[in-house]
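Listed here are the chains, written in short residue letters.
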Amino acid sequence: MSNYRNLNFLFTLLLLVVALSAVAAPPKREFYEIKIYHLKNADQEARVEAFLKDAYIPAAHRAGIKNVGVFKPVATDTMAGKLIYVLTPIKSLDVLLTLPKTLDKDAAYASAGKDYIEANYKNPPYARFESIVLQAFTEAPVHMKPNLTGPKSERVYELRSYEGHTEKIYRNKVKMFNVGGEVPLFVRLGFNAVFYGEVVAGSHMPNLMYMTTFENKASRDAHWKSFTEDAEWNKLKVNPEYQNNVSKNTSFFLYPTEYSDI
């Protein structure tokens, strides 16, 4: 009986250790692909959108990818009607590499996306696309769906890219977000960030990118005003450790399509 009680105690202790380990272990850092379609005309725009809405997003869901974001430049942007942004969160680079083969085996995807997939070379659905691959920040290891309630057509999603002079200087800006406290500052001020990521493959490296979201342009401007006036930010920005760590800061103002998951 004594041995039984000892075994039962050890088993209970083992379960407790496993449970505590699961609680303590931080989530694994996601990867993201941002695919940017370049379009020549309204017909290409409509065809790519039909493909994304009816074929790609449903197939991605079936492949275990819960949230796919599709965004377009705001109406006042000169690139409105010329670009479509697709954000796909993925658990690993292996998922990114195997996703095309997974989609190829999906009969419903092939049927719904036939116009795009089987397009003739004389009538392609897009001019070109570019792909950016990122790994999530350590302090924001997984993406978040924004807590917004207004119409999607009025929302402003701000995609920002911070380029660095060198790899070492770029990593200092990443540290400023993770260790310096910039990520928690955005959280405290309610910026509704979708993701923060280090670019591991793209055309403007070395750089990081992140996306914040707002109900509308007025809300966006008010949030950034609160950011620039915040005492914590004004202390952080003059910290000698984090000086001159961005060579170029670019913002892209987007809104989510009605069929976007994000």
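Calculation notes
Residues numbered from 1 in each chain as written. Predicted model: local features only at pLDDT ≥ 70, side-chain atom pairs only at ≥ 80, totals over all residues. Heavy atoms only, no water. Salt bridge = Lys/Arg side-chain N within 4 Å of Asp/Glu carboxyl O. Helix = DSSP H or I, 4+ residues; strand = E, 2+ residues; numbered from the N terminus. Core = buried A, V, L, I, M, F, W, Y, C linked by side-chain atoms within 4.5 Å. Buried < 20%, exposed > 50% of the residue type's maximum accessible area, 1.4 Å probe, protein only. Contact = heavy atoms within 4.5 Å. Polar contact = N/O pair within 3.5 Å; in protein donor to acceptor, adjacent residues only side chain to side chain. Pairing = 2+ DSSP bridges. Axes fitted to C-alpha atoms, helices over the stretch in contact; angles between N-to-C directions.

Draft legend 1. Looking closely at the pattern of salt bridges. Under the defined criterion, the tally for this structure stands at 16 salt bridges. A salt bridge links Arg-29 to Glu-198; the nearest nitrogen and oxygen atoms lie 3.0 Å apart. Remark: Glu-198 occurs in strand S6 (residues 195-201) and Arg-29 occurs in the loop between helix H1 (2-24) and strand S1 (31-38); sequence separation between them is 169 residues. What emerges from the salt-bridge pattern is a single network uniting Glu-158, Arg-160, Lys-217, Arg-220 and Asp-221.

Draft legend 2. Quick peek at the nonpolar core. By size, the foremost hydrophobic cluster in this structure holds 24 residues, and its most contacted members are Tyr-37, Phe-51, Leu-52, Tyr-56 and Ile-84. Elements that contribute at least two residues to this core include exactly S1, helix H2 (42-62), strand S3 (83-90) and helix H3 (93-104). It is H2 that contributes the most residues to this core, eight residues altogether. Sequence-distant contacts of Tyr-37, that is, excluding residues within four places in its chain, are made with Val-48, Phe-51, Leu-52, Lys-82, Leu-83, Ile-84, Val-86, Tyr-116, Tyr-126, Arg-128 and Phe-129.

Draft legend 3. Fine view of the side chain of Arg-47. Residue placement: Arg-47 occurs in helix H2. Classification of Arg-47 as buried rests on a relative accessible area of 11%. Here the side chain of Arg-47 touches Asp-115 through a polar contact of 2.8 Å, side chain to side chain. Within polar-contact distance, the side chain of Arg-47 engages the backbone oxygen of Asn-123 at 3.0 Å.

Draft legend 4. Here's a closer look at the environment of Asp-43. Looking at the secondary structure, you find Asp-43 in helix H2. Considered as a pair, Asp-43 and Ala-136 are 93 residues apart in the sequence and their alpha carbons are 35 Å apart.

Draft legend 5. Quick look at the sheet that holds strand S7 (residues 207-214). Here eight strands make up a closed barrel; going around it, the order is S1-S3-S2-S8-S5-S7-S6-S4 and the pairing antiparallel. For this sheet, the mean inter-axis angle between neighbouring strands, taken without regard to orientation, is 35°. Pairing geometry for S1 and S3, over eight bridges, is antiparallel. Residue pairing for S3: Glu-33 is matched across the bridge by Thr-88. Along the sheet face, helix H8 (residues 217-229) touches strand S5 (156-163), S7 and strand S8 (248-256) and points at about 45° away from the line of S5.

These values are about where atoms sit, not about what they do.
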